[in-house]
Amino acid sequence: METTGMTGVSLKRGSLAVEDNDSLAPGEEVKRQKVSECCLSKSQDNLERDCLPSSENVPVVPEAVSAGEGKNNSNAQLEDEEEEEEDGLSEEGEEEEEVESFADMMKHGLTELDVGITKFVSSHKGFSGILKERYSDFVVHEIGKDGRISHLDDLSVPVDEEDPSEDVFTVLTAEEKQRLEELQLFKNKETSVAIEVIEDTKEKRTIIHQAIKSLFPGLETKTEDREGKKYIVAYHAAGKKALANPRKHSWPKSRGNYCHFVLYKENKDTMDAINVLSKYLRVKPNIFSYMGTKDKRAITVQEIAVLKITAQRLAHLNKCLMNFKLGNFSYQKNPLKLGELQGNQFTVVLRNITGTDEQVQQAMLSLKEIGFINYYGMQRFGTTAVPTYQVGRAILQNSWAEVMDLILKPRSGAEKGYLVKCREEWAKTKDPAAALRKLPVKRCVEGQLLRGLSKFGMKNIVSAFGIIPRNNRLMYIHSYQSYVWNNMVSKRIEEYGLKPVPGDLVLKGATATYIEEDDVNNYSIHDVVMPLPGFDVIYPKHKISEAYREMLTADNLDIDNMRHKIRDYSLSGAYRKIIIRPQNVSWEVVAYDDPKIPLFNTDVDNLEGKPPPVFASEGKYKALKMDFSLPPSTYATMAIREVLKMDTSIKNQTQLNTAWLR
């Protein structure tokens, strides 16, 4: 083991938003709540008319809650804001502008050194490469609790005599759909919508009834005669709760209540994806469940379950949505539970590598045989000049004025223009209502806090902060725990290297015990765990125990009393392995000439029958294609860092090579 210097990794724009693996660390007691993300896709121009989504901005879980350990973003979006806001997102020109400002912002951001990431376990010489030059260079397949890797390989819909005919998707006009949608979402004063049956047959009436009930959950229908004409009249079945609760009586008793399916998505995180699906299906996002969240800048494949939505309706979305594919449908009795997975299988391409074949071989053998330090990755600590761990520390210190200041104060680097104006207004006036008026998107953390301050007043910051959903609040203190853990594991490896020593901790079941002198040879470094600070953990019996105490004392915290006046902020702590050895590691170096060509087939490529790429023996560039699987709560970034020997912070990489802005 050695602590070597960092070497550069080239980046193209948008690179290196590498996702951590899913699910909470063992022992972390807080389950993520559903919180919203504003980044909804706008309707694509080529949508079929019958696929038009609801215009309601339905909230869902944010990017801020990571795929497991917590991608932190001070602009995390929050839950249950009823007012409509702009979508925040995603036309081509807007993306270009946002990428540049993000790069500027990162020049003021954190480096790995700032968050305690300083050591490597391997002795090979580092080399550079381009990580995520294309989002398709990073593919994640979820591994279920039964060890099965999720693949999209079947688009067929289970045959079910109970399903209505395909005509339900085309029988209503766009105008009728608009009126029904406004009725469903209580957007006008109408109590019903009447649709004339032009070609009056029993079959036609049945299809219209089925179309309304299946496409607009919460609406009931009846047939009426009016002046000799037949009308289907739609009305609300059960008030405003109807939208949230799918129809019970229309679901066959013999069929499982949950439709499970495999979701293939490109360049969209899981929360965004569920938001889009719920919008197009006109349902609330909380009827979806999943085992873990997946990264945005990647191609990911995972299992999703949804309550009482037919496979037929879900499959129809394949005609409507770009960068999504749904398949492998089945009906099950139960939803999916967060964290119930074995991990993820990664396929990663590092392009334009500079390493020799010998360097690559050394690096990959080390990754396979020893592994990497299980650091919390950079996304755990936020993307702005104010790290999330600083907010977490202020919460634990009970310094509420500082919490408010850290979240709302102006900061170096570029942000979205409205956030800059909001912060400037706050700095100038300290008037929460005036600052809030500068925000078109009020579901961000800043907006929620300002709303709280307007409601409870400046002398009750605790209650104002409490408006932010619990999971987002806890994200800050978990970030502080991660910051401490990273620093302590670096000290542990510096002090004792890659071997277990007396006084180290190992887990027996869920209980941590000390390694005794005569016991050392029974363990390897892969068994050793270290605690995230809390009131329900023990600390190592060697020098690192004192290092924990010194670090928390320097932060004005009492390691012997991690209970907070406010119960939510009392930290019980947890244990985390210090070295992770990836499984199923394989790799190859390939030559290529065109930087735009994909270097392997995706599930969709295979479904479409595309032949796999053929590589020449010589080419302008070399790429390293890596496959490996990781358990939940680990960061793929840190595995790649160990291979390249690089600083994974975007700040460092924009300084090393700004070619990614081209």
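Just so you know, these numbers come straight off a predicted model, no measurement behind them.

> Explain the overall build of the protein to me, please; I cannot follow it from the model alone.
Regarding its fold elements, the protein presents 17 helices and 18 strands. With 662 residues in all, the protein has 58% of them scored as buried. Per element, the accessible surface of the protein, about 27,700 Å² overall, is 47% carbon and sulfur.

> Please clarify how the confidence of the model for the protein should be interpreted in this entry.
Do not read the predicted coordinates in detail wherever pLDDT is low. Across the protein, the average pLDDT comes to 79, with 76% of residues at 70 or higher. When the criterion is pLDDT under 50, residues 1-20 qualifies, and its contacts beyond four places in sequence or with other chains add up to 108 contacts. Predicted confidence is poor over residues 22-102, with pLDDT under 50, and the contacts of this stretch with residues over four places away or in other chains come to 275 contacts.

> Where do I start with the sheet that holds strand β15 (residues 574-577) in this structure?
Here we have four strands laid out as an open sheet, ordered β13-β12-β14-β15, and antiparallel in their pairing. Whereas interior strands pair on both sides, the edge strands pair on one side only; in this sheet they are β13 (511-514) and β15. Averaged over all pairs of adjacent strands, the angle between their axes in this sheet comes to 55°, without regard to strand direction. Packed onto the sheet, helix α13 (residues 470-496) meets β14 (528-532) and β15 and runs at close to 145° relative to β14.

> Could you clarify how one ought to interpret the nonpolar core in this entry?
When a protein is soluble and globular, its nonpolar side chains tend to lie buried together. Counting 105 residues, the largest nonpolar core has Leu 350, Ile 395, Ile 407, Phe 465, Tyr 548 and Leu 624 as its most contacted members. Among the elements that take part in this core, α13 stands out by supplying 12 residues, more than any other. The contacts of Tyr 548, once residues within four sequence positions are left out, are Val 484, Trp 485, Met 488, Met 530, Pro 531, Tyr 539, Pro 540 and Ile 559.

> Whenever I open this one, unusual backbone geometry confuses me. Can you help?
A negative phi angle is the norm for most residues apart from glycine, just as the trans form is the norm for most peptide bonds. With phi around 55°, Asn 267 is a residue other than glycine that occupies positive phi space. When you line up the elements, Asn 267 lands in the loop between β6 (258-266) and α4 (270-281). Despite not being glycine, Asn 352 shows a phi value in the positive range, around 50°. Relative to the helices and strands, Asn 352 is located in the loop between β10 (341-351) and α6 (357-369). For Asn 352, a relative accessible area of 34% translates into the label partly exposed.

> Can you help me understand the packing of aromatic side chains in this one?
The geometry of an aromatic ring pair is captured by the separation of the ring centres together with the interplanar angle, meaning the angle of the planes. For the coordinates displayed, the defined rule picks out 14 aromatic pairs. Pairing Phe 346 with Phe 628 gives two aromatic rings, centres 5.4 Å apart and planes at 25°, and the pair type is stacked. Here the residue Phe 346 occupies a position in strand β10, and Phe 628 occupies one in strand β18 (residues 621-630), the gap between them amounting to 282 residues. For Phe 628, a relative accessible area of 0% gives the class buried.

> How should helix α16 (residues 636-644) be read in this particular structure?
The periodicity of an α-helix, 3.6 residues per turn, causes residues three or four positions apart to be oriented the same way. Counted residue by residue, α16 has nine buried out of nine residues, so it is predominantly covered. For α16, the complete set of buried residues consists of Ala 636, Thr 637, Met 638, Ala 639, Ile 640, Arg 641, Glu 642, Val 643 and Leu 644. Summarising the contacts, the buried residues of α16 are in contact with β1 (130-131), β2 (138-144), β10, α6, β11 (372-373) and β18. Just downstream of α16, Lys 645 is the residue with a positive phi angle, here 60°.

> So what exactly am I meant to see when it comes to α13 here?
Relative to the 39 Å expected for 27 residues at 1.5 Å per residue, α13 spans 38 Å between its end C-alpha atoms, a close match to the ideal helical length. Counting buried residues along α13, 23 of its 27 residues qualify, which places the element largely inside the surrounding structure. Downstream of α13 by one or two residues, Gly 497 has phi in the positive range, about 70°.

> Help me out: how do you make sense of the sheet that holds strand β3 (residues 192-196) in this one?
Within a sheet, adjacent strands bond to each other through the backbone by hydrogen bonds, running parallel or antiparallel. An order of β3-β5-β4 is seen for the three strands of this open sheet, with the pairing classed as antiparallel. The sheet terminates laterally at β3 and β4 (219-226), the two strands that pair on one side only. For this sheet, the mean angle separating the axes of adjacent strands, direction not counted, is 25°. Bridge count for β4 against strand β5 (residues 229-236) is eight bridges, and the pairing is antiparallel. Opposite Glu 224, over in β5, you have Tyr 231 as the bridge partner. Contacts between helix α2 (residues 174-184) and the sheet are confined to β3, β4 and β5, with β3 contributing the most and set at about 160° to the helix.

> How should the pattern of salt bridges be read in this particular structure?
Side-chain pairs of opposite charge can arise where the charged atoms are in close proximity. Taken as a whole, this structure holds 21 salt bridges when the rule is applied. Across the pair Glu 142 and Lys 294 runs a salt bridge, and its minimum N-O distance is 2.9 Å. Taken together, the residues span a long stretch of sequence, with Glu 142 in strand β2 and Lys 294 in the loop between β7 (288-290) and β8 (299-307) at a distance of 152 residues. We note that Glu 142, like Lys 294, is buried. The partner of Glu 224 in a salt bridge is Lys 222, and the shortest N-O contact between them spans 3.5 Å. Look at Lys 222 and you get partly exposed, because its relative accessible area is 38%. By sharing partners, the salt bridges in this structure join Asp 146, Arg 148 and Glu 303 into a single network.

> Can you walk me through the pairing of β18 in this structure?
Of all 10 residues in β18, eight are buried; the element is thus mostly enclosed. In the sheet, β10 pairs with β18 via seven bridges, with the strands oriented antiparallel. Across the sheet, the residue bridging to Leu 350 is Leu 624, located in β18. Judged from the eight bridges that link them, strand β17 (residues 583-592) and β18 form a sheet pairing that is antiparallel. Residue pairing for β18: Trp 587 is matched across the bridge by Met 626.

> Is there a simple way to explain the packing of helix α9 (residues 417-429) against helix α11 (residues 445-456) in this structure?
Packed helices, taken two at a time, are described by their axes: the angle between them and the distance between them. Between α9 and α11, whose axes approach to 12 Å, the crossing angle comes to 30°. By the criterion of interaxial angle, the relationship of α9 to α11 is roughly parallel. Crossing hand, α9 versus α11: left-handed. Within the contact between the two elements, α9 uses Leu 419, Cys 422, Arg 423 and Trp 426 and α11 uses Glu 446, Leu 450 and Leu 453. Considering only residue class, the contact of α9 with α11 consists of five nonpolar, no polar and two charged.

> So what exactly am I meant to see when it comes to the packing of helix α7 (residues 388-396) against α13 here?
With their axes 7 Å apart at the nearest point, α7 and α13 run at an angle of 100° to one another. Viewed along their axes, α7 and α13 adopt a mutual orientation that is roughly perpendicular. Contacts between α7 and α13 involve Thr 388, Tyr 389, Val 391, Gly 392, Arg 393, Ile 395 and Leu 396 on the former and, on the latter, Arg 473, Met 475, Tyr 476, Ile 477, Ser 479, Tyr 480 and Tyr 483. Here the residues of the contact of α7 with α13 sort into nine nonpolar, three polar and two charged.

> Explanation requested: the side chain of Asp 504 in the structure shown.
Along the chain, Asp 504 turns up in the loop between α13 and β12 (505-508). Polar side-chain contacts of Asp 504 include one of 2.9 Å to the backbone nitrogen of Val 501. If we skip the residues at most four places from it in the chain, Asp 504 touches Arg 492, Lys 499, Thr 513, Tyr 514, Ile 515, Val 528 and His 542.

> Can you help me understand the side chain of Asp 519 in this one?
Mapped onto the elements, Asp 519 comes out in the loop between β13 and β14. The buried charged residue Asp 519 lacks any salt bridge, with Lys 508 as its nearest oppositely charged partner at 4.9 Å. Within the structure, Asp 519 has its side chain in polar contact with the side chain of Asn 522 (distance 2.9 Å).

Thresholds applied
Residues numbered from 1 in each chain as written. Predicted model: local features only at pLDDT ≥ 70, side-chain atom pairs only at ≥ 80, totals over all residues. Heavy atoms only, no water. Helix = DSSP H or I, 4+ residues; strand = E, 2+ residues; numbered from the N terminus. Buried < 20%, exposed > 50% of the residue type's maximum accessible area, 1.4 Å probe, protein only. Areas by Shrake-Rupley, 256 points an atom, 1.4 Å probe, with all protein chains shown as cover. pLDDT = per-residue confidence, 0-100. Contact = heavy atoms within 4.5 Å. Pairing = 2+ DSSP bridges. Axes fitted to C-alpha atoms, helices over the stretch in contact; angles between N-to-C directions. Core = buried A, V, L, I, M, F, W, Y, C linked by side-chain atoms within 4.5 Å. Phe/Tyr/Trp six-rings, centres within 6.5 Å; stacked < 30°, edge-to-face > 60°. Expected span 1.5 Å × (residues − 1). Salt bridge = Lys/Arg side-chain N within 4 Å of Asp/Glu carboxyl O. Parallel < 35°, antiparallel > 145°, perpendicular 65-115°, else oblique. Left-handed = near helix turned anticlockwise from the far one by under 90°. Nonpolar A, V, L, I, M, F, W, Y, C, P; charged D, E, K, R; others polar. Polar contact = N/O pair within 3.5 Å; in protein donor to acceptor, adjacent residues only side chain to side chain. Lys, Arg positive; Asp, Glu negative; His and termini not counted.

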